[in-house]
Amino acid sequence: MSAHHAVVVGAGFGGLEAVHRLAGAPVRITLVDRRNHHLFQPLLYQAATASLAPSEIAWPIRHLFRRRPEVTTLLASVESIDKEARELHLDDGSTLGYDTLVLATGARHAYFGHDAWEPFAPGLKTLEDATTIRSRILLAFEEAERQSDERKRAALMTFVIVGAGPTGVELAGTIAELARATLPADFRRIDTREARIVLIEAGPRVLPAFAEDLSIYAKRSLERLGVEVVLGQPVSECSADGVVFGGKSLAAATIIWAAGVQSSPAAQWLDAPADRAGRLKVERDLTVPGHPEIFAIGDAAIVFRSDGRPVPGIAPAAKQEGVYVANVIRARLRGAPALPPFRYSHAGDLATIGKRRAVIDFGWIKLRGALAWWLWGFAHIYFLIGVRNRLSVALNWLWIYARDQRSARLITWRGGEVEGTAPFSRGDSDRS
Ligand SMILES: Cc1cc2nc3c(=O)[nH]c(=O)nc-3n(C[C@H](O)[C@H](O)[C@H](O)COP(=O)(O)OP(=O)(O)OC[C@H]3O[C@@H](n4cnc5c(N)ncnc54)[C@H](O)[C@@H]3O)c2cc1C
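Residues numbered from 1 in each chain as written. Predicted model: local features only at pLDDT ≥ 70, side-chain atom pairs only at ≥ 80, totals over all residues. Heavy atoms only, no water.

### Digging into the packing of helix α10 (residues 370–383) against helix α11 (residues 387–403)
Contact geometry of α10 with α11 gives a least axis separation of 9 Å together with a crossing angle of 155 degrees. If you check the angle between α10 and α11, you find them roughly antiparallel. Taken as a pair, α10 and α11 cross one another with a handedness that is right-handed. Residue-level inspection shows W373, W374, W376, G377, H380, I381 and Y382 of α10 in contact with α11, the latter providing R390, V393, A394, W397, L398 and Y401. Residues of the contact of α10 with α11, tallied by class, amount to ten nonpolar, two polar and one charged. (Axes fitted to C-alpha atoms, helices over the stretch in contact; angles between N-to-C directions. Helix = DSSP H or I, 4+ residues; strand = E, 2+ residues; numbered from the N terminus. Parallel < 35°, antiparallel > 145°, perpendicular 65-115°, else oblique. Left-handed = near helix turned anticlockwise from the far one by under 90°. Contact = heavy atoms within 4.5 Å. Nonpolar A, V, L, I, M, F, W, Y, C, P; charged D, E, K, R; others polar.)

### Some details on the pattern of salt bridges
With the rule as written, the count across this model stands at twelve salt bridges. Its salt-bridge partner being R108, residue D129 comes within 2.7 Å of it at the nearest N-O pair. Separated by 21 residues along the polypeptide, D129 in helix α4 (residues 127–146) and R108 in strand β10 (residues 107–108) bring together distant segments of the chain. Using a relative accessible area of 2% as the deciding quantity, one classes R108 as buried. Notably, a salt bridge pairs R279 with D275, separated by 2.9 Å at the nearest N-O pair. When sorted by exposure, R279 lands in the same class as D275, which is buried. (Salt bridge = Lys/Arg side-chain N within 4 Å of Asp/Glu carboxyl O. Buried < 20%, exposed > 50% of the residue type's maximum accessible area, 1.4 Å probe, protein only.)

### Examining the nonpolar core
The tendency in soluble globular proteins is for nonpolar side chains to be buried side by side. In terms of nonpolar packing, the biggest core is built from 119 residues, with L88, L103, F141 and I197 touching the most fellow members. The element best represented in this core is helix α9 (residues 315–334), accounting for eight residues. Discounting residues that sit within four places of it in the chain, F141 has contacts with M157, F159, A179, L183, F187, I190, T192 and A195. W117, A121, I200 and I255 belong to the second largest nonpolar core, which has 17 residues in total. (Core = buried A, V, L, I, M, F, W, Y, C linked by side-chain atoms within 4.5 Å.)

### Here's the deal with the sheet that holds strand β12 (residues 196–200)
The pairing of strands in a sheet happens through backbone hydrogen bonds and is either parallel or antiparallel. Strand order across the open sheet formed by four strands is β13-β12-β11-β17, with parallel pairing between neighbours. Edge positions in the sheet fall to β13 (227–230) and β17 (254–257), since each has one partner strand and no second. The sheet shows a mean angle of 20 degrees between the axes of neighbouring strands, direction not considered. With four bridges connecting them, β12 and β13 associate as parallel partners. Following the sheet pairing, L199 is matched in β13 by V229. Helix α7 (residues 212–224) rests against β12 and β13 of the sheet, and its axis sits at about 140 degrees to β13. (Pairing = 2+ DSSP bridges.)

### Details of the sheet that holds strand β8 (residues 95–97)
Spatially, the three strands line up as an open sheet ordered β6-β7-β8, and their pairing is antiparallel. With partners counted over all chains shown, the strands left at the sheet margins are β6 (78–82) and β8, one partner each. Taking the axes of each pair of neighbouring strands and ignoring which way they run, one obtains an average angle of 25 degrees across the sheet.

### What to know about the side chain of D33
Structurally, D33 is set in strand β2 (residues 28–33). It is R34 that comes nearest to the buried, bridge-free D33 among opposite-charge side chains, at 5.6 Å. (Lys, Arg positive; Asp, Glu negative; His and termini not counted.)

### Brief notes about the packing of aromatic side chains
If you walk through the whole model with that rule in mind, you get 13 aromatic pairs. Residues F141 and F187 carry aromatic rings whose centres are separated by 6.2 Å and whose planes lie at 50 degrees to one another, so their mutual orientation is tilted. Of this pair, F141 sits in helix α4 while F187 sits in the loop between α6 (166–182) and β12; the two residues are 46 residues apart in sequence, bridging distant segments of the chain. Look at F187 and you get buried, because its relative accessible area is 11%. Taken together, the ring pairs connect W373, W374, W376, F378 and W397 into an aromatic cluster. (Phe/Tyr/Trp six-rings, centres within 6.5 Å; stacked < 30°, edge-to-face > 60°.)

### Description of the environment of A176
Mapping A176 onto the fold places it in helix α6. Judged by relative accessible area, A176 falls into the buried class, the value being 0%. With 36 residues separating them along the chain, A176 and E212 place their C-alpha atoms 23 Å apart. Those residues in contact with A176 that sit more than four places away from it in its chain are I197, L225 and V227.

### Some points on unusual backbone geometry
Look at F112: it is not a glycine, yet its phi comes out positive at around 50 degrees. With a phi angle near 70 degrees, L286 is a residue other than glycine that sits in the positive phi range. The topology assignment puts L286 in the loop between β19 (280–281) and β20 (287–288).

### Side note on the environment of I255
With respect to the helices and strands, I255 occurs in strand β17. Look past the residues within four positions of I255 in its chain and what remains in contact with it is F120, A121, P122, V160, V162, C238, S239, G242 and V243.

### Notes on the side chain of E321
As for its position among the elements, E321 is in helix α9. No salt bridge is formed by the buried E321; the nearest opposite charge belongs to R305, separated by 9.2 Å. A distance of 2.6 Å separates a polar side-chain atom of E321 from the backbone nitrogen of G298. Excluding residues within four positions of it along the chain, E321 makes contact with L286, I297, G298, V303, V311 and F342. (Polar contact = N/O pair within 3.5 Å; in protein donor to acceptor, adjacent residues only side chain to side chain.)

### A closer look at the pairing of strand β7 (residues 87–90)
Here β7 shows a clear split, with L88 and L90 buried on one side and none of E87 and H89 buried on the other. Relative to β7, β6 runs antiparallel, the two sharing four bridges. Considered in β7, the bridge of I81 is made with L88. Here β6 hands over to β7 after four residues, with R86 in that stretch at a positive phi of 55 degrees. Hairpin connection of β7 to β8: four residues between the antiparallel strands, including G93 at a positive phi of 90 degrees.

Given below as structure tokens:
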């Protein structure tokens, strides 16, 4: 076995792809993640809205590499890096040396300096976030059923989503369908169809990364589902009572945060330059300035395209960067000349609005409506790992499509701290 030791931190889209693409290379790999599973974040909103079970969108990392004896999986959190000694410091106090280091530690949601809002307005990044949000939504209906005070019942039946990027739009559309189509028959005292779902966006339109006509279509589709869309109004307060925006208060028991991005602290660990969202500014070969042995990829890093625009914080970008880094490492081990700089190729942007409509912006062609939804569905099933999960997700979606039934309506959290808070500042991705 080769003495060259590559350590990959983070088994998200970027890290996992790098390890996959290093198969067969003369390298010993340690893959470190503070969670034992790889998570398919694009479908996390479905776990948060009771449409899919957590196990349908996450896979044990150890199992994914069971046939790769040169890959060791380590369940640990990286806390700091000694770049001179080439060592990682882990949460159990141990150290891990490396010859090559790939940092793929992702990002979380950010509260724009208002971290105190987090307990009232949890964001969506981990499975724990999803099950917490799912519980909060379902608990709000349970409590409304028992509440005789009309004002309090109205607050319990009000769901606010802050941020109208794809995650906010997807959450709002699905909560509306849950309230209008899935839950009504289950309750006796309340009519869940009367729930208010309010999507608040500081900018002038929903889905700002998409073409304007698709944004207009998405807004209309949301409104048809019964979502109230508020544009151009930044939220100035989140509390146990609800939200304040545009100088008005709205009483709401459930607030979900889908705005803002804060990268993992990889740049702080290395004392390296970062942008405002904390993303490490890497060279065009994705190495950390002055440290050719350290790469940073995915949501933890920022790199620019040839036209000066940043590579977006989305899964395909992280995967392409993972492939590139694996190729650079392979070339170096072969003693081959340096590869040309990383080039990102953008396939398009996708978002769903409920169970029947989606928008897809390929740049050269734009799709909307049912056709876009089916394409979105096939694309996501294709990218899931394993036949069992693909079949199970497809079956669940067909069931929801035909019967409006969402099977994962489980309350697994009933108050206290928000579960799954990460030891670094929180942030969603560019997609939020
Ligand atoms: C709700 C949601 C929906 C999204 N939907 C889409 C979508 O539809 N399409 C799309 O293209 N993109 C989507 N994205 C964005 C996409 O998921 C990210 O861009 C992508 O996951 C980035 O990959 P990554 O490898 O950089 O980080 P991640 O996939 O986030 O992986 C980071 C990994 O690092 C680990 N880690 C972090 N810190 C440490 C540490 N200190 N020590 C050890 N391990 C650590 C984490 O546990 C995690 O496993 C979505 C994101 C969210 C949050």
